[in-house]
Amino acid sequence: MFALTLCVSTLIASEFMPVSLLTPIASDLGVSEGRAGQAIAVSGLFAVVTSLFIASVARAVDRRKLLLGLTSLMLISGLVVALAPNYTVFMFGRALIGIVVGGFWALSAATVMRLVPEKDVPRGLAMLNGGNALATTVAAPLGSFLGQYIGWRGAFFAVVPLAALTLAWQYFTLPRMPTEQAAAPPSTVAVLRRPRARWGILAVTLLFMGQFALFTYLRPFLETVTRVGVSMLSLVLLGMGAAGLLGTYLMGFLVARRLSAVLIAAPLAMAVIAVALVIFGQSLAATALLLAGWGLIGTAAPVAWWTWLSRTLPHDAEAGGGLMVAAIQLAITAGASLGGLLFDRGGHQGTFLASAALLGAAALTAFWASRPARLPAVVLPPGDAAASCPSTH
């Protein structure tokens, strides 16, 4: 689990490194900053495609070999991007990291279910999401810092030794996880035919749309409404990231006991925070406190949904995980686009209120997604309860 957590941190750092390095990348490769920014879009596109098809591969290949292959691909991506002689090769390297993102996250819930006892699955998922939260918090500022001293290529190359370390760590610690189910994996349509799965995927989509409709435009909000300088801006965002790490740690314990309540309460609390930011946004103290609460809840919310997936689709976690990753990636894109449109037309108020509405809808659909889960938690047959053990897969 520690090896996989390091892999997550390295992977997410690689994915979001271009955010703080667009200007030097564009200058060096002779393209506009807008074209350089497509480095994020192309990785997201390949992540969506991979996440939808990885289940078929996972059923035919030992999961240990598959994870080692994805980690090797992450290492290769770092080398290709750092040494890219032109824009085309650079984008090819970014496409490779998108494949790793989609494949790894689609397999994450099923892998944790194979590695730890059923009662520890929420904590295992929280560990992975903690690595995600840490990398998301430090990737942009670290990339900017390294780029200033060793250039953007050096910043990207810095992830290569970490990728090599996580590859070696996984090689020596991951057990064999061969497939024992000969049946073909269910299709995306087949998974969505299940009412609970359908409501859950919709709830996750609304959650991430609402979250990124607001989160994407925090910087202009803080600069124009709260009127903070660059140093205070960095401090506020760092506080939000630190709160996210704490929330991720606590969420592992909460979802083990009250999963349904967490699935519903988390988006409701975030909706309240979004409205409160509209009302109290001019106060630095209030805004910093509210954003810490946003980070505490929002960063940790995926832990609850991955736990829900492990309980709702214990035998089809790869297919369900791929579908969830695709939904999340598309929701992030849609939420950021909607938020940008509203921000340009009506300022932060329209964007933040739309975020609150989406999060409220996420809470409502989470109610329907989690409602039937209460009964199986009591009467689950022993064979199904053991589904997360390696010997039953």
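Residues numbered from 1 in each chain as written. Predicted model: local features only at pLDDT ≥ 70, side-chain atom pairs only at ≥ 80, totals over all residues. Heavy atoms only, no water.

**Let's talk about unusual backbone geometry**
Turning to step 1, where the next piece is worked out: Within the chain, Arg-227 stands out as a residue other than glycine whose phi angle is a positive 60°.
Turning to step 2, where the next piece is worked out: Here Arg-227 lies in the loop between α10 (218–226) and α11 (230–280).
Turning to step 3, where the next piece is worked out: Taking the relative accessible area as the measure of exposure, Arg-227 reaches 67% and is therefore exposed. (Helix = DSSP H or I, 4+ residues; strand = E, 2+ residues; numbered from the N terminus. Buried < 20%, exposed > 50% of the residue type's maximum accessible area, 1.4 Å probe, protein only.)

**Section: the packing of helix α9 (residues 195–215) against α11**
Turning to step 1, where the next piece is worked out: Between α9 and α11, the shortest axis-to-axis distance is 10 Å and the interhelical angle comes to 50°. Classified by the angle their axes make, α9 and α11 are oblique. Relative to α11, the crossing made by α9 is left-handed. When α9 is examined against α11, the residues Leu-207, Gln-211, Leu-214 and Phe-215 are found in contact with a partner set consisting of Met-240, Pro-267, Met-270, Ala-274 and Leu-277. (Axes fitted to C-alpha atoms, helices over the stretch in contact; angles between N-to-C directions. Parallel < 35°, antiparallel > 145°, perpendicular 65-115°, else oblique. Left-handed = near helix turned anticlockwise from the far one by under 90°. Contact = heavy atoms within 4.5 Å.)

**Considering empty space enclosed by the protein**
Turning to step 1, where the next piece is worked out: The final tally for this structure, using the stated rule, is two cavities of 30 Å³ or more.
Turning to step 2, where the next piece is worked out: In this structure, the largest cavity occupies an estimated 50 Å³ of space.
Turning to step 3, where the next piece is worked out: Lining the largest cavity, in full, are Ser-14, Met-74, Ser-77, Gly-78, Val-81, Arg-94, Ile-97, Phe-156 and Val-159.
Turning to step 4, where the next piece is worked out: Listed by contribution, the elements that provide at least two residues to the lining of the largest cavity are α4 (63–82) and α5 (87–115).
Turning to step 5, where the next piece is worked out: Among the elements that line the lining of the largest cavity, the one with the most residues is α4, at four residues.
Turning to step 6, where the next piece is worked out: Of the residues contributing to the lining of the largest cavity, the split by class is five nonpolar, three polar and one charged. (1 Å grid on protein atoms, 1.4 Å probe; cavity = no way out; pocket = protein on both sides within 12 Å on 5 of 7 lines; lining within 4 Å. Points joined across faces, edges and corners; volume = space filled by probe spheres on them. Nonpolar A, V, L, I, M, F, W, Y, C, P; charged D, E, K, R; others polar.)

**What to know about the nonpolar core**
Turning to step 1, where the next piece is worked out: Residues Trp-305 and Met-324 are the most contacted members of the largest nonpolar core, which totals 90 residues.
Turning to step 2, where the next piece is worked out: At 16 residues, α11 tops the list of elements feeding residues into this core.
Turning to step 3, where the next piece is worked out: Each residue touching Trp-305, except ones within four places of it in the same chain, is listed here: Gly-200, Ala-203, Val-204, Leu-207, Leu-263, Met-324, Ala-366 and Ala-369.
Turning to step 4, where the next piece is worked out: Residues Met-17, Val-81, Tyr-87 and Phe-156 belong to the second largest nonpolar core, which totals 20 residues. (Core = buried A, V, L, I, M, F, W, Y, C linked by side-chain atoms within 4.5 Å.)

**Here we look at α10**
Turning to step 1, where the next piece is worked out: Within the span of α10, buried status applies to Leu-218, Phe-221, Leu-222, Val-225 and Thr-226. For α10, the buried positions fall inside an angular range of 100° around the axis, keeping them on one side.
Turning to step 2, where the next piece is worked out: After α10 finishes, the residue Arg-227 shows a positive phi value of roughly 60°. (Arc of directions from axis to C-beta.)

**Considering helix α1 (residues 2–16)**
Along an α-helix, residues three or four apart share an orientation, since each turn contains 3.6 residues.
Turning to step 1, where the next piece is worked out: Spanning 15 residues, α1 covers 21 Å between terminal C-alpha atoms, matching the ideal 21 Å at 1.5 Å per step.
Turning to step 2, where the next piece is worked out: Of all 15 residues that make up α1, 12 are buried, and the element is covered over most of its length.
Turning to step 3, where the next piece is worked out: Here α1 has its buried residues at Ala-3, Leu-4, Thr-5, Cys-7, Val-8, Ser-9, Thr-10, Leu-11, Ile-12, Ala-13, Ser-14 and Glu-15. (Expected span 1.5 Å × (residues − 1).)

**Here's the deal with the packing of aromatic side chains**
Turning to step 1, where the next piece is worked out: By the definition in use, this model includes 14 aromatic pairs.
Turning to step 2, where the next piece is worked out: Look at Phe-208 and Phe-212: their rings are 6.3 Å apart centre to centre, the planes differ by 15°, and that puts the pair in the stacked class. Separated by four residues within a single helix, Phe-208 and Phe-212 lie in helix α9, roughly one turn from each other.
Turning to step 3, where the next piece is worked out: Classification of Phe-212 by relative accessible area gives buried; the value is 19%.
Turning to step 4, where the next piece is worked out: Taken together through their ring pairs, the aromatic side chains of Phe-90, Trp-152 and Phe-156 make up a single cluster.
Turning to step 5, where the next piece is worked out: A cation sits over an aromatic face here: Arg-64 above Tyr-171, 5.1 Å from the ring centre. (Phe/Tyr/Trp six-rings, centres within 6.5 Å; stacked < 30°, edge-to-face > 60°. Lys NZ or Arg CZ within 6 Å of the ring centre and 35° of its normal.)

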